[in-house]
Amino acid sequence: VQLVESGGGLVQPGGSLRLSCAASGFPFSRYDMFWYRQAPGKERELVAGIIAAGGSTNYADSMKGRFTISRDNAKKTVFLQMNSLKPEDTAVYYCNARYDIRYNYWGQGTQVTVSS
């Protein structure tokens, strides 16, 4: 099982980034997918989620209207489009695949830094 995040980097406040998470080794289309983030000294928090079929999404309140999660089941990839980025969005962003409590996988994370 692999979840490989990419697309992180340094961006100025107000800028945009698009994160990708490429999955392999499990039936991606059956898994709900999530993005979490963890800032230095803080607990990991949920950013956004999308169900296996791709129709329903949910977001943390502070990300609503700025972030968009999507998935391409044919490409086994989940995306996080982040707009209007703020310094407080600086964190390591993790991809999470979840089927049930037994089948719950994490990527290695990608750093997002929002700074001028």
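Residues numbered from 1 in each chain as written. Predicted model: local features only at pLDDT ≥ 70, side-chain atom pairs only at ≥ 80, totals over all residues. Heavy atoms only, no water.

Quick word on the nonpolar core
To keep things clear, this is the line we draw: Put simply, a nonpolar core is a bunch of buried Ala, Val, Leu, Ile, Met, Phe, Trp, Tyr and Cys residues held in one set by side-chain atoms that sit within 4.5 Å of each other. We call a residue buried when its accessible area falls under 20% of the maximum for its residue type, exposed when it is over 50%, and partly exposed in between, using a 1.4 Å probe and counting protein chains only. Every helix listed is a DSSP run of H or I at least four residues long, and every strand listed is a run of E at least two residues long, numbered separately from the N terminus. It only takes one pair of heavy atoms within 4.5 Å for two residues to be counted as in contact.
One finds Met 33, Trp 35, Val 78, Leu 80, Met 82 and Tyr 93 to be the most contacted residues of the largest nonpolar core, which totals 30 residues. Within the residue set of this core, elements represented by two or more residues are strand S3 (17–24), strand S4 (32–38), strand S5 (45–50), strand S7 (67–72), strand S8 (77–82), strand S9 (91–100) and strand S11 (110–114). Those residues in contact with Tyr 93, other than ones at most four positions away along the chain, are Glu 5, Leu 19, Trp 35, Tyr 36, Arg 37, Val 47, Phe 67, Leu 80, Met 82, Gly 109, Thr 110 and Val 112.

Let's talk about the side chain of Asn 96
Just so we agree on the cut-off: Whenever two N or O atoms come within 3.5 Å, that pair is a polar contact, provided that in protein one can donate a hydrogen and the other can accept it, and provided that, for residues adjacent in sequence, both atoms are side-chain atoms.
By secondary structure assignment, the location of Asn 96 is in strand S9. A distance of 2.7 Å separates the side chain of Asn 96 from the side chain of Asn 104, its partner in a polar contact. Those residues in contact with Asn 96 that lie beyond four places of it in its chain are Leu 3, Asp 32, Met 33, Phe 34, Tyr 36, Asn 104, Tyr 105 and Trp 106.

Interpretation note: all reported values are geometric properties and have no functional meaning in isolation.
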